[in-house]
Amino acid sequence: MTLKEANKNLEQLENEYNYWLQEKESLLSIVNPQSTDTTLERVDGGKRVDKMLKYVETEDILQIDNTLEYIHNKKINLMNWIDNELKILGKYEEVEQLIVYYKEVSPKKYTWHSISKMVHYSKEQCQRIYKRNKKKRDIYKDDTK
């Protein structure tokens, strides 16, 4: 996984987390007590409550809570991975960091030729540095320029 993919996954998890929070909020607005309705007549038993509906709604809330906890744990795990990757990148020289940034993280898709112009290294040297950094043998299949 590259840093770009990890950041994209993190954004998707954040979006999914927000979705489930809104779902939980809408369910809680149904389950929680609402203002008193004076049109309902009271009987000897006190409040009228549909126990089955209340049970189903609380079960849904528990499932949403489990989903939120799962997503939260995935986000923490992914953020730790990104932090570790950035620490690893910090061990390399500035030029090596730039090459990896331009190839993986940058929103633009740079070719080896354009990267070599930006860092003032030859195209082959940029490829060697990237290959050494990623410990890959074949990095040429994604860009032949």
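The structure this text deals with has already been given above.
Within every chain, residues take consecutive numbers counted from 1 along the sequence as written. Local features are withheld for residues below a pLDDT of 70 in this predicted model, meaning they are given only at 70 or higher, and side-chain atom pairs are given and counted only at 80 or more; totals for whole chains, interfaces and linings count all residues. Based on all heavy atoms of the structure, the side-chain values leave hydrogens and waters out of the count.

Let's shift gears to the nonpolar core. The biggest cluster of nonpolar side chains holds twelve residues, and these are Leu3, Ala6, Leu10, Leu13, Tyr17, Leu27, Ile61, Ile64, Leu68, Ile71, Leu78 and Ile82. In DSSP terms, a helix is any run of H or I states spanning at least four residues, a strand is any run of E spanning at least two, and both are numbered starting from the N terminus. Secondary structure elements with two or more residues in this core: helix H1 (3-31) and helix H2 (51-90). If near-sequence neighbours (up to four positions away) are discounted, isoleucine 71 is found in contact with Leu13, Glu16, Tyr17 and Trp20. Core analysis: the second largest hydrophobic core is formed by nine residues, Tyr102, Val119, Cys126 and Tyr130 among them. Throughout this description, the term nonpolar core refers to a set of buried Ala, Val, Leu, Ile, Met, Phe, Trp, Tyr and Cys residues connected via side-chain atoms within 4.5 Å. Throughout, exposure labels follow a simple rule: accessible area from a 1.4 Å probe, protein chains only, divided by the maximum for the residue type, with under 20% read as buried, over 50% as exposed, and the rest as partly exposed. The contact definition used throughout considers only heavy atoms, calling two residues in contact when any of these lie within 4.5 Å.

It is worth spelling out the pattern of salt bridges at this point. Each reported salt bridge corresponds to a side-chain nitrogen of Lys or Arg within 4 Å of a carboxyl oxygen of Asp or Glu. For the structure on display, the rule yields two salt bridges. The salt bridge involving lysine 75 is made with glutamate 14; its shortest N-O contact spans 2.6 Å. With a gap of 61 residues between them, lysine 75 in helix H2 and glutamate 14 in helix H1 connect regions that are remote in the sequence. Judged by its relative accessible area of 10%, lysine 75 is buried. Judged by relative accessible area, glutamate 14 falls into the partly exposed class, the value being 33%. Between aspartate 65 and lysine 24 there is a salt bridge, with the nearest N and O atoms lying 2.6 Å from each other. One end of the pair, aspartate 65, is in helix H2; the other, lysine 24, is in helix H1, and 41 residues separate them in sequence. Aspartate 65 gets classed as partly exposed once you look at its relative accessible area, which sits at 27%.

Here we come to the side chain of serine 116. Note on placement: serine 116 falls in helix H4 (residues 112-119). By relative accessible area, which is 8% here, serine 116 ends up buried. N or O atoms closer than or at 3.5 Å make up a polar contact, with two conditions inside protein: a donor-capable atom paired with an acceptor-capable one, and, for residues adjacent in sequence, both atoms drawn from side chains. In terms of polar contacts, serine 116 uses its side chain to reach the backbone carbonyl oxygen of histidine 113, at 2.6 Å. Every residue in contact with serine 116, bar those within four places of it in the chain, is listed here: Tyr121, Ser122, Lys123 and Cys126.

Running from N to C, H4 and helix H5 (residues 123-134) point in directions that differ by 95°, and their axes come no closer than 8 Å. Between H4 and H5, the angle is such that the two are roughly perpendicular. From H4, Trp112, His113, Ile115, Ser116 and Val119 reach across to H5, where they touch Lys123, Cys126, Gln127 and Tyr130. In this description, a line fitted to the C-alpha atoms serves as the axis of each element, helices being fitted only across the stretch in contact, and the angle between N-to-C directions of two axes falls anywhere from 0 to 180 degrees. Oblique is the label for every angle not falling under 35 degrees (roughly parallel), over 145 degrees (roughly antiparallel), or within 65 to 115 degrees (roughly perpendicular).

Aromatic pairs are defined between Phe, Tyr and Trp rings, using the six-membered ring for Trp, whenever the two ring centres lie within 6.5 Å; interplanar angles under 30 degrees are classed as stacked, those over 60 as edge-to-face, and all others as tilted. Taken as a whole and assessed by the stated rule, the structure comprises four aromatic pairs. Considering the side-chain rings of tyrosine 102 and tyrosine 110, the 5.2 Å spacing of their centres and the 70° angle between planes classify their relative orientation as edge-to-face. Given a relative accessible area of 16%, tyrosine 102 falls into the buried group. Of the aromatic side chains, those joined through ring pairs into one cluster are Tyr101, Tyr102 and Tyr110. Whether a charge lies above a ring is judged from NZ of Lys or CZ of Arg, which has to be within 6 Å of the ring centre and within 35 degrees of the ring normal. Taking NZ or CZ as reference, lysine 75 lies 4.6 Å from the ring centre of tyrosine 17, over its face. Taking NZ or CZ as reference, lysine 103 lies 4.7 Å from the ring centre of tryptophan 112, over its face.

Treat this as a map of the structure, not an account of what it does.
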